[in-house]
Amino acid sequence: MNQDEMKRAVAIAAVDMIRPRLEKETVIGVGTGSTANFFIDALARCRDEFAGAVASSEATAARLRQHDIEVFDLNSVSQLEFYIDGADEFDPYFNLIKGGGAALTREKIVAAVAKTFICIVDESKQVDVLGSFPLPVEVIPMARSYVGRQLAGLEGQPVYRDGVVTDNGNIIIDLHDVDILDPKAFERHLNNIVGVVTNGLFANRGADVILMGTPQGVVTLKPD
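Predicted model, so just to flag it, every value in this text is computed and none were measured.

Q: Got a minute to help me understand the pairing of strand E2 (residues 52-55) in this structure?
A: Along a regular strand, successive side chains alternate from one face of the sheet to the other. In terms of strand pairing, strand E1 (residues 27-30) meets E2 through four bridges, oriented parallel. Bridged to Gly29 within E2 is Val54. Assessed by its sense of winding, the connection that carries the chain from E1 through helix H2 (residues 34-43) to E2 is right-handed.

Q: Explain helix H1 (residues 3-18) here, please?
A: One full turn of an α-helix is made of 3.6 residues, so residues set three or four places apart face in the same direction. Taking 1.5 Å as the rise per residue, H1 with 16 residues should run 22 Å; its terminal C-alpha atoms sit 23 Å apart, in good agreement. Of the residues making up H1, those classed as buried are Met6, Lys7, Ala9, Val10, Ala11, Ala14, Val15 and Ile18. In this fold, the buried residues of H1 make contact with E1, H2, strand E3 (80-85), strand E6 (114-122), strand E12 (209-214) and strand E13 (217-221). The backbone nitrogen of Asp4 lies 3.2 Å from a side-chain oxygen of the residue at the head of H1, namely Asn2.

Q: Just checking my understanding: could you explain the packing of H1 against H2 for this structure?
A: Geometrically, a packed helix pair is captured by the angle between its two axes and the distance between the axes. Contact pair H1 / H2: the axes reach a minimum separation of 8 Å and the direction vectors enclose 50 degrees. Put simply, H1 runs oblique to H2. The chirality of how H1 crosses H2 is right-handed. When H1 is examined against H2, the residues Asp4, Lys7, Arg8, Val10, Ala11, Ile12, Ala14, Val15 and Ile18 are found in contact with a partner set consisting of Ser34, Thr35, Phe38, Phe39, Ala42 and Leu43. Among the residues making up the contact of H1 with H2, the classes are represented as ten nonpolar, two polar and three charged.

Q: How do you make sense of the nonpolar core when you look at a structure like this?
A: Across soluble globular proteins, nonpolar side chains show a tendency to be buried alongside one another. With 26 residues, the main nonpolar core has Ile18, Ile28, Phe39, Leu43, Ile84 and Ile120 as its most contacted residues. Going through the elements one at a time, H1, E1, H2, E2, helix H3 (58-66), E3, E6 and E12 are the ones with two or more residues in this core. Sequence-distant contacts of Ile28, defined by excluding residues within four places in its chain, comprise Ile18, Leu22, Leu43, Phe50, Gly52, Ala53, Val54, Leu80, Phe82 and Ile84.

Q: Please explain the state of the cysteines as it appears in this structure.
A: Working definition of a disulfide: a covalent bond connecting the sulfur atoms of two cysteines. The full count for this structure, using the stated rule, is zero disulfides. With no disulfide partner, Cys119 has as its closest neighbouring cysteine sulfur the one in Cys46, 19 Å distant.

Q: For this particular structure, what's the right way to read the sheet that holds E6?
A: Hydrogen bonding along the main chain pairs the strands of a sheet, whether they run parallel or antiparallel. In spatial order, the strands read E2-E1-E3-E6-E12-E13; together these six strands make up an open sheet with mixed pairing. The sheet is open, and its two borders are formed by E2 and E13, each paired with just one other strand. Between one strand axis and the next, the sheet turns through 25 degrees on average, direction left out of account. Strand contacts of H3: E1 and E2, with the helix running at about 160 degrees to E2, the strand carrying the most contacts.

Thresholds, definitions, all that
Residues numbered from 1 in each chain as written. Predicted model: local features only at pLDDT ≥ 70, side-chain atom pairs only at ≥ 80, totals over all residues. Heavy atoms only, no water. Pairing = 2+ DSSP bridges. Helix = DSSP H or I, 4+ residues; strand = E, 2+ residues; numbered from the N terminus. Right-handed = clockwise from strand over helix to strand, strands pointing away. Expected span 1.5 Å × (residues − 1). Buried < 20%, exposed > 50% of the residue type's maximum accessible area, 1.4 Å probe, protein only. Contact = heavy atoms within 4.5 Å. Polar contact = N/O pair within 3.5 Å; in protein donor to acceptor, adjacent residues only side chain to side chain. Axes fitted to C-alpha atoms, helices over the stretch in contact; angles between N-to-C directions. Parallel < 35°, antiparallel > 145°, perpendicular 65-115°, else oblique. Left-handed = near helix turned anticlockwise from the far one by under 90°. Nonpolar A, V, L, I, M, F, W, Y, C, P; charged D, E, K, R; others polar. Core = buried A, V, L, I, M, F, W, Y, C linked by side-chain atoms within 4.5 Å. Disulfide = S-S within 2.5 Å.

Given below as structure tokens:
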């Protein structure tokens, strides 16, 4: 299987995993990106078996509506049974880097509400130590220079993602070339920088299940 075929396979596997637990009132959290898009397309085949979804981005909301899946505002939902999303990297401890599509803040909010976070990835996203993929940091625009200087004081190279504005009206600074040996502590440290909205480390709320696509098929990974 090529990469797209692996993404499609894990998307279908995620639908198969959640489908027996769907009820008419179930609302599902859905992430953003190419793998999440495959999931939305696969989810459409059972759209009459659940109430609808909360989207982590405007792009995801649009794709859900294209499939006649109702989109709910998260403020109207007390709990999400599942959150399904991809990742840019994951380590052996189910810590993730997300945010390549600049939707990290809304993704993190939706993941926080969900009972079960199912991460769907292809095998290229598996690493021993996070940090090869640049770590996105969402920043209030007026704090761009200040946050950049603070990030420059860390091991790594901050790079402004030119021309990108998040759905929240903020900007992204990507932190390159950093080995993240303690993801939970590093996530908290970055979030304590004034002007940072959040960063793309999903460590303090990581994945509960990872469905990984390989050329041989889908592998289900769960914490020990």
